[in-house]
Number of protein chains: 2
Amino acid sequence: MSKSIFYHAGCPVCVSAEHDIVALIGVNNVDIVHVGEDKSKISVAENAGVKSVPALVTPNGNVLHINFGASMEDVKG
Amino acid sequence: MSKSIFYHAGCPVCVSAEHDIVALIGVNNVDIVHVGEDKSKISVAENAGVKSVPALVTPNGNVLHINFGASMEDVKG
């Protein structure tokens with residue numbers, strides 16, 4: 001199975017969701033990307049359809065926005 | 001592993017998220033509950049912390065609201 005990508009920005013909502021997603025789908029099935037620490041990934045996430053974090057991009061390209069931590073605009077600011 | 005519970009109301013956003021969640025965590029690891037068809041489950045979902053559908057309640061009781069299909073108020077109406 002291809003990996004999913006979990007985008008987050010270190011916020012409490014993000015960290016909580018990260019723990020849940022890793023527990024549910026397995027640490028080997030997901031890449032964790034911190035868009036606050038690596039700003040170059042913001043445009044990658046946006047191009048994938050990510051509007052807010054935390055969000056999970058599935059292997060087939062669907063975006064699951066999980067709860068709400070921060071908008072991508074907030075992350076840029 | 002205990003099962004997660006995926007609450008939905010049959011909306012397009014719900015169905016899409018259901019397919020993704022089943023693909024990610026496996027059909028044997030999640031119970032699917034349609035709160036539109038079984039209204040008695042609305043209060044169960046609300047007591048678990050579900051504010052909107054689709055939502056996934058993890059085995060440890062956390063609620064992951066995934067994208068946004070409808071509020072629980074909409075489901076009741």
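Residues numbered from 1 in each chain as written. Chains lettered and ligands numbered in written order. Predicted model: local features only at pLDDT ≥ 70, side-chain atom pairs only at ≥ 80, totals over all residues. Heavy atoms only, no water.

1. Quick word on the state of the cysteines
Residue and element names in this part refer to chain B.
Turning to step 1, where the next piece is worked out: For the coordinates displayed, the defined rule picks out two disulfides over all chains.
Turning to step 2, where the next piece is worked out: Two residues share a disulfide in this structure: Cys11 and Cys14, whose sulfurs sit 2.3 Å from each other. Linking Cys11 and Cys14, the disulfide has an S-S dihedral of approximately 65 degrees and is accordingly described as right-handed.
Turning to step 3, where the next piece is worked out: For Cys11, a relative accessible area of 16% puts it in the buried group.
Turning to step 4, where the next piece is worked out: For Cys14, a relative accessible area of 0% translates into the label buried. (Disulfide = S-S within 2.5 Å. Buried < 20%, exposed > 50% of the residue type's maximum accessible area, 1.4 Å probe, protein only.)

2. Overview of the pairing of strand β3 (residues 52-57) of chain A
Residue and element names in this part refer to chain A.
Turning to step 1, where the next piece is worked out: Counting buried positions along β3 gives six out of six residues, so the element sits mostly inside the fold.
Turning to step 2, where the next piece is worked out: Note that strand β1 (residues 4-8) and β3 share three bridges and pair antiparallel. Bridge assignment links Phe6 to a residue of β3, and that residue is Leu56.
Turning to step 3, where the next piece is worked out: If you look at the hairpin formed by β3 and strand β4 (residues 63-71), you'll find five residues sitting between the two strands, and Gly61 has a positive phi there, around 95 degrees. (Helix = DSSP H or I, 4+ residues; strand = E, 2+ residues; numbered from the N terminus. Pairing = 2+ DSSP bridges.)

3. Quick notes on the interface of chain A and chain B
Turning to step 1, where the next piece is worked out: Taken together, the contact pairs 19 residues of chain A with 19 residues of chain B.
Turning to step 2, where the next piece is worked out: If you sort the residues of chain A by the area they bury against chain B, Asp20, Leu24 and Leu64 of chain A come out on top, with a joint share of 43%.
Turning to step 3, where the next piece is worked out: Run the count over chain A and chain B and you get zero salt bridges.
Turning to step 4, where the next piece is worked out: Counting the contacts that link chain A with chain B gives six residue pairs in polar contact (both at pLDDT 80 or more).
Turning to step 5, where the next piece is worked out: Counting residues per element, the ones that place at least two in the side of chain A that touches chain B are α1 (12-25) and β4 of chain A.
Turning to step 6, where the next piece is worked out: At seven residues, the largest contribution of residues to the side of chain A that touches chain B is made by α1 of chain A. (Contact = heavy atoms within 4.5 Å. Buried area = accessible area lost by both parts, 1.4 Å probe. Salt bridge = Lys/Arg side-chain N within 4 Å of Asp/Glu carboxyl O. Polar contact = N/O pair within 3.5 Å; in protein donor to acceptor, adjacent residues only side chain to side chain.)

4. Observations regarding the relation of the copies chain A and chain B
Turning to step 1, where the next piece is worked out: Taken as rigid bodies, chain A and chain B are interconverted by a rotation of 180 degrees and an axial shift of 0.0 Å, the fit giving an RMSD of 0.0 Å. The transformation relating the two chain copies, once decomposed into turn and shift, fits a two-fold axis.
Turning to step 2, where the next piece is worked out: The fraction of interface residues of chain A whose copies in chain B are also interface residues reaches 100%, indicating that both copies meet through the same surface. (Least-squares fit on C-alpha atoms with pLDDT ≥ 70 in both.)

5. Observations regarding the pattern of salt bridges
Side chains carrying opposite charge are able to pair once their charged atoms draw close together.
Turning to step 1, where the next piece is worked out: Within the structure shown, the criterion is met by eight salt bridges over all chains.
Turning to step 2, where the next piece is worked out: Glu46 of chain B is the salt-bridge partner of Lys76 of chain B, the closest N and O atoms lying 2.9 Å from each other. Taken together, the residues span a long stretch of sequence, with Lys76 of chain B in helix α3 (residues 72-76) and Glu46 of chain B in helix α2 (residues 40-47) at a distance of 30 residues.
Turning to step 3, where the next piece is worked out: With relative accessibility at 37%, the residue Lys76 of chain B sits in the partly exposed group.
Turning to step 4, where the next piece is worked out: A cluster of three or more residues bridged by salt bridges with shared partners is formed by Glu46, Glu73 and Lys76 of chain A.

6. What to know about unusual backbone geometry
All names here are of chain A.
Turning to step 1, where the next piece is worked out: Going from Val53 to Pro54, the amide bond is cis rather than trans, its omega being 0 degrees.
Turning to step 2, where the next piece is worked out: By the element assignment, Pro54 lies in strand β3.
Turning to step 3, where the next piece is worked out: Notably, Asn67 is not glycine yet its phi reads approximately 50 degrees, a positive angle.
Turning to step 4, where the next piece is worked out: According to the relative accessible area criterion, Asn67 is partly exposed, its value standing at 24%.

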